[in-house]
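Okay, here's what each chain looks like letter by letter:
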Amino acid sequence: MFTQSFEELSIKTNGIKLIKITEKILNFINRSKIANGILNISILHTSASLIIQENADEDVQKDILNFYEKLVPMDEDLYIHNTEGKDDMPAHIKSSLTNSNLTLSINNNKLVLGTWQGIYLFEHRIEQQIRKVFLHIIGEK
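Presented here is a report on the structure given in the accompanying data block. Model, not experiment: these values are computed from the prediction. (Residues numbered from 1 in each chain as written. Predicted model: local features only at pLDDT ≥ 70, side-chain atom pairs only at ≥ 80, totals over all residues. Heavy atoms only, no water.)

1. Some details on the environment of leucine 26
Just so we agree on the cut-off: A run of H or I in DSSP counts as a helix once it spans at least four residues, and a run of E counts as a strand once it spans at least two, with each numbered from the N terminus. Only protein chains enter the area calculation, which uses a 1.4 Å probe; residues under 20% of their type maximum are buried, those over 50% are exposed, and those in between are partly exposed.
By secondary structure assignment, the location of leucine 26 is in helix α1 (residues 22-32). A residue is classified by how much of its surface remains accessible, and leucine 26, at 27% relative accessible area, is partly exposed. Between the alpha carbons of leucine 26 and leucine 111 there is a distance of 7.3 Å; along the sequence they are 85 residues apart.

Structure below.
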C-alpha cells in the first residue's frame, strides 16, 4: 500500500554558507516509516538553494563558496535589481544555477546517497534568514 507524508523544515541561517540538512531529512524519513519510495525536497525561496555535495572534507564547501563568489560577484554596478542590498541579485543568480528541488530514492529504509554525499541548504544571502524546506515522501511501508 502506498502512502505519503509531508513536512516543512524551518532552518535559521546566518550568512552565506552551506548548511548540512541530511540528518533532518533522515529523521523525517524514519518518522514516515516508508521503506521504498521517492523523496522530493523543495526550498521555498529564490535566494537560497539545495545541493548534494561532499560531506567529508570541509575544504570542498570552502572551495564551492569561493567559486560562486568569483562567478557571481556582489558588485551592485553589475545588476539592475538590488532592492535588498548588494547580495540581492547575486543570490537569485546563484539559486538559478543550483537546485530548488532534489528528488531521491528510498530503498530498504535507506536514503540512496553515495558514501561521501550530503544534502545541503546553500544560503546565498548575507543577513540572517529563516528558510523553509518542504519535504514530500511517497512510497510503501
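Read on for the rest.
2. Digging into the pattern of salt bridges
To be explicit about the condition: Note on definitions: salt bridges are taken to be side-chain nitrogens of Lys or Arg within 4 Å of carboxyl oxygens of Asp or Glu.
For the structure shown, the criterion picks out six salt bridges. With its nearest N and O atoms 2.6 Å apart, the salt bridge here joins arginine 31 to glutamate 7. You can see arginine 31 sitting in helix α1 and its partner glutamate 7 sitting in strand β1 (residues 2-13), a full 24 residues away along the chain. One salt bridge connects lysine 62 with aspartate 59, and the closest N-O pair in it is separated by 3.8 Å. Residue lysine 62 and its partner aspartate 59 are located together in helix α2 (residues 58-71), separated by three residues, close to a single helical turn. Lysine 62 gets classed as partly exposed once you look at its relative accessible area, which sits at 47%. Because the salt bridges share partners, they merge into one network encompassing Glu84, Asp87, Asp88 and Arg125.

3. Thoughts on the sheet that holds strand β8 (residues 129-140)
Note the threshold: DSSP calls a pair of strands paired once it identifies at least 2 bridges connecting them. Should any heavy atoms of two residues lie within 4.5 Å, those residues are counted as being in contact. To get an axis, fit a line to the C-alpha atoms, keeping to the stretch in contact for a helix; angles then go from 0 to 180 degrees between the N-to-C directions.
The sheet built from five strands is open, its strands ordered β1-β8-β3-β5-β6 with antiparallel pairing. In the strand order of this sheet, the two ends are held by β1 and β6 (110-111), each with one partner. Here strand β5 (residues 101-107) pairs with β6 via two bridges, running antiparallel. Across the sheet, residue asparagine 107 finds its bridge partner in β6, namely lysine 110. With respect to the sheet, α1 is in contact with β1, β3 (36-43), β5, β6 and β8, its orientation differing from that of β1 by roughly 155°.

4. Observations regarding the packing of aromatic side chains
Keep this limit in mind: Note on ring pairs: Phe, Tyr and Trp rings are taken, using the six-membered ring of Trp, and paired if centres are within 6.5 Å. Classes follow the plane angle, with under 30 degrees stacked, over 60 edge-to-face and the rest tilted.
By the definition in use, this model includes three aromatic pairs. Considering the side-chain rings of phenylalanine 67 and tyrosine 68, the 5.4 Å spacing of their centres and the 85° angle between planes classify their relative orientation as edge-to-face. Residue classification places tyrosine 68 among the buried residues on the basis of a relative accessible area of 14%. Put simply, the rings of Phe67, Tyr68 and Phe122 pair up and form one aromatic cluster.

5. A few points about the sheet that holds strand β4 (residues 48-54)
A sheet is described by the order of its strands in space; here three strands give the open sequence β2-β7-β4, paired in antiparallel fashion. The open sheet is flanked by β2 (17-20) and β4, the only strands paired with a single partner. Geometrically, the sheet is characterised by an average inter-axis angle of 35° between neighbouring strands, direction not taken into account. When β2 meets strand β7 (residues 117-123), the two strands line up antiparallel, connected through four bridges. Following the sheet pairing, isoleucine 19 is matched in β7 by leucine 121.

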